[in-house]
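Spelled out, the chains give:
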Amino acid sequence: MNETNSLIQIKGLRDGLLVSLSDAPWDEQLSALLSRVDAQPSFFQGARLALDVASQVLKVDDLVALRDHLSERGIFLWAVISESPTTQQTAQLLGLATRISKPRPEETRQFAVEDLGEETALFLDRTLRSGMRIEFPGHVVILGDVNPGAEIVAEGNVIVWGRLRGMVHAGAKGNRQAVVCALEFSPMQLRIADEASAAMSPQTQSKPQIARINQFGNLQAENWSPA
Amino acid sequence: MTAQVITVTSGKGGVGKTTAVANLAVALASNGSRVVCIDGDIGLRNLDVILGLENRIVYDIVDVIEGRCRLKQAMIKDKRLPNLHLIPAAQTRDKNAVSASDMTRLTKDLRAECDFILIDSPAGIERGFKNAIAPADRVLVVTNPEVSAVRDADRVIGILEAEDKGPGALIINRLNPSLVRRQEMLSADDVLDLLAIELIGIVPEDEGVLIGSNRGAPVALDPKSKAGEAFRNIARRLKGEEVPFLDLESGSSLWERIQKLAGRR
Ligand SMILES: Nc1ncnc2c1ncn2[C@@H]1O[C@H](COP(=O)(O)OP(=O)(O)OP(=O)(O)O)[C@@H](O)[C@H]1O
Ligand SMILES: [Mg+2]
């Protein structure tokens with residue numbers, strides 16, 4: 001398992017993932033990649049993927065099959081990078097990009113959890129729709145809505161610059177100081193550390209609110225007011 | 001000119017995808033466009049029934065893909081509208097007979113020959129759905145004014161965004177204005193508020209839809225039908241015309257909402 005996985009390197013890019021394969025036989029590489037994906041489906045689901053295939057020579061059938069395999073797993077293949085002119089041509093034929101702008105060093109940082117300090121935040125400039133789940137070992141900031149059926153699990157705070165109507169768990173590893181705030185606050189379910197509350201009744205007048213564990217140890221949401 | 005490929009999908013089953021494809025197809029074809037419908041719901045075909053073409057099927061999409069017939073042989077011509085064709089789904093074969101690249105290849109061959117290719121997607125977000133959206137230039141998401149349907153539509157929109165298919169345009173089907181007025185049904189406003197994508201049509205609940213489907217004569221062919229008019233309007237919007245929305249919920253602020261949504265982009 002580890003042996004095959006080590007053939008594959010995965011990096012986070014600004015707008016997706018870059019997976020680099022080696023020159024080992026294509027069949028092996030392909031099955032290693034797919035088993036890697038199948039082992040962590042939620043990590044890959046919905047991802048935009050660029051694939052660096054080193055000097056592999058790939059034909060149309062190979063790339064079509066690859067793209068189908070990936071799309072069945074909810075992964076969108078948009079670029080294939082190769083040193084082989086044949087593979088480059090194949091990729092162009094299929095409308096795939098063959099170059100990606102060189103990622104700057106700080107963007108290539110692995111998504112490895114250990115590297116992230118406590119004060120790291122994940123910033124997402126989009127609405128989280130039903131079925132999306134964000135798990136992050138720091139704070140999460142959303143510029144957009146969190147729709148019913150979407151979930152955020154953060155070890156730190158959760159800030160939603162938009163409407164919060166999904167599920168949020170802040171302080172997920174037990175931090176009782178964590179807060180959750182949103183411009184419009186009507187989560188389907190809210191948790192901070194071990195405290196949970198069921199749906200907060202939808203706000204009639206939508207004021208920004210902030211939720212925290214109060215001095216009595218209860219989850220409480222109140223209107224935000226400038227201190 | 002090369003055809004635009006439009007896929008109709010929903011997430012939740014039974015919300016009116018097939019109905020929408022059949023009605024948009026006849027509405028577009030009545031207006032002179034050359035239309036090919038593809039039934040992408042392998043194993044559960046029914047677009048042919050709604051279009052009234054069921055008993056003319058010889059070959060189906062899987063026959064084309066597996067090379068048992070030429071594309072032209074599988075295209076059934078509508079007797080009423082000679083510029084409307086259907087490529088039926090296979091009834092018996094398993095779903096894995098078709099892949100995303102098969103769909104892309106098939107539509108590529110058709111693009112030069114028509115103006116619109118309409119693909120009826122199966123419910124869900126599995127392989128059949130992925131196949132149906134793979135070749136799409138534009139996706140129409142159908143929902144009903146109902147919490148679970150809207151939730152699934154939201155999910156589908158999220159996937160479309162992730163796959164770079166744009167957020168899609170929304171059809172709200174089976175809206176019942178009197179239930180909305182009594183606040184027993186989500187309003188178009190409520191649905192748009194959550195999904196926040198472009199609205200391309202609102203179709204009222206109308207028993208004529210079912211009757212038309214059973215007769216193989218989609219309501220868009222009936223000049224007196226309200227639902228038919230709604231579908232004809234969507235067809236005109238697909239052609240780029242600006243058509244005002246039918247006033248189904250008088251007193252609602254729908255127009256403001258639409259304006260606001262348009263401004264957001
Ligand atoms: N506007 C409407 N008014 C009344 N009935 C409708 C309307 N639209 C659709 N229906 C009915 O709803 C039922 C389901 O419609 P349809 O088969 O088009 O849905 P679908 O989304 O294609 O379903 P599936 O997911 O099973 O493919 C049909 O009986 C149809 O006649
Ligand atoms: Mg259907």
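Residues numbered from 1 in each chain as written. Chains lettered and ligands numbered in written order. Predicted model: local features only at pLDDT ≥ 70, side-chain atom pairs only at ≥ 80, totals over all residues.

Chemist: How should I be thinking about the packing of helix α1 (residues 17-30) of chain B against helix α11 (residues 226-238) of chain B in this particular structure?
Modeler: When two helices pack together, their arrangement is given by the angle between the helix axes and by the axis-to-axis distance. Residue and element names in this part refer to chain B. In the contact formed by α1 and α11, the axes pass within 8 Å of each other and the chain directions differ by 65 degrees. Relative to α11, the crossing made by α1 is right-handed. Residues Asn 23, Leu 24, Ala 27 and Leu 28 of α1 form the contact with α11, whose own contacting residues are Phe 231, Arg 232, Ile 234, Ala 235 and Leu 238. Of the residues belonging to the contact of α1 with α11, the class tally is 7 nonpolar, 1 polar and 1 charged. (Axes fitted to C-alpha atoms, helices over the stretch in contact; angles between N-to-C directions. Helix = DSSP H or I, 4+ residues; strand = E, 2+ residues; numbered from the N terminus. Left-handed = near helix turned anticlockwise from the far one by under 90°. Contact = placed C-beta atoms within 7 Å. Nonpolar A, V, L, I, M, F, W, Y, C, P; charged D, E, K, R; others polar.)

Chemist: I'm lost on α1 of chain B in this one. Help?
Modeler: Turn by turn, an α-helix covers 3.6 residues, leaving residues three or four places apart pointing in a common direction. Helix length check: α1 of chain B (14 residues) gives 20 Å between terminal C-alpha atoms against 20 Å at 1.5 Å per residue, within 8%. Gly 32 of chain B, located one to two residues past α1 of chain B, shows a positive phi value of around 95 degrees. (Expected span 1.5 Å × (residues − 1).)

Chemist: Explanation requested: the nonpolar core in the structure shown.
Modeler: Considering soluble globular proteins, one finds that nonpolar side chains tend to be buried as a cluster. Counting 84 residues, the largest nonpolar core has Leu 24, Ala 25, Val 35, Ile 117, Leu 118, Leu 195 and Phe 231 of chain B as its most contacted members. At 9 residues, α1 of chain B tops the list of elements feeding residues into this core. Once residues within four sequence positions are removed from consideration, Ile 117 of chain B is found in contact with Ala 3, Val 5, Val 36, Ile 38, Thr 107 and Leu 110 of chain B. The next biggest cluster of nonpolar side chains, apart from the first, holds 24 residues, and it includes Met 132, Ile 142, Val 146 and Val 168 of chain A. (Core = buried A, V, L, I, M, F, W, Y, C linked by C-beta atoms within 7 Å. Buried ≥ 20, exposed ≤ 12 C-beta atoms within 10 Å, placed from the backbone.)

Chemist: Quick question: what am I supposed to make of the confidence of the model for chain A here?
Modeler: Residues and elements named next belong to chain A. For chain A, the average pLDDT comes to 82, and 85% of its residues sit at 70 or higher. Across residues 1-5, confidence stays below pLDDT 50; counting only partners more than four residues off in sequence or on other chains, it has 4 contacts. In this model residues 102-116 is a low-confidence stretch, pLDDT under 50, and it forms 14 contacts with partners more than four residues away in sequence or in other chains. (pLDDT = per-residue confidence, 0-100.)

Chemist: Please clarify how the pairing of strand β4 (residues 84-87) of chain B should be interpreted in this entry.
Modeler: If a strand is regular, its side chains alternate between the two faces of the sheet. Residues and elements named next belong to chain B. Because side chains alternate across β4, one face comprises the buried residues Leu 84 and Leu 86, and the other comprises His 85 and Ile 87, equally buried. Here 4 bridges tie strand β2 (residues 35-39) to β4, and the two strands are oriented parallel to one another. Looking at β4, one finds that Cys 37 is bridged to Leu 86. Where strand β3 (residues 76-77) lies against β4, 2 bridges are found, and the strand directions are antiparallel. Bridging across to β4, Lys 77 finds its partner in His 85. As consecutive antiparallel partners, β3 and β4 are separated by 6 residues. (Pairing = 2+ DSSP bridges.)

Chemist: Which parts of the structure should I look at to understand the site of ligand 1?
Modeler: Residue and element names in this part refer to chain B. As a matter of local geometry, ligand 1 sits amid 19 residues, with Gly 13, Lys 17, Thr 18, Thr 19 and Ala 123 nearest to it. Those elements that place two or more of their residues in the shell around ligand 1 are α1, β7 (169-175) and α10 (207-215). Counted by class, the shell around ligand 1 contains 6 nonpolar, 8 polar and 5 charged residues. (Near = placed C-beta within 6 Å.)

Chemist: Please explain unusual backbone geometry as it appears in this structure.
Modeler: The bulk of non-glycine residues show a negative phi, and the bulk of peptide bonds are trans. Residues and elements named next belong to chain A. Although it is not a glycine, Ala 54 adopts a positive phi angle of roughly 55 degrees. One can find Ala 54 in the loop between β3 (48-52) and α4 (60-72). By the C-beta count within 10 Å, which is 15 here, Ala 54 ends up partly exposed.

Chemist: Help me understand the packing of helix α7 (residues 147-162) of chain B against helix α9 (residues 188-195) of chain B, please; the structure alone is not making it clear to me.
Modeler: All names here are of chain B. Their axes nearest at 10 Å, the elements α7 and α9 cross at an angle of 35 degrees. Our pair here, α7 against α9, has a crossing hand that is right-handed. Together, Val 150, Ala 153, Asp 154 and Ile 157 of α7 and Val 191, Leu 194 and Leu 195 of α9 make up the contact between the two elements. Split into classes, the residues belonging to the contact of α7 with α9 amount to 6 nonpolar, no polar and 1 charged.

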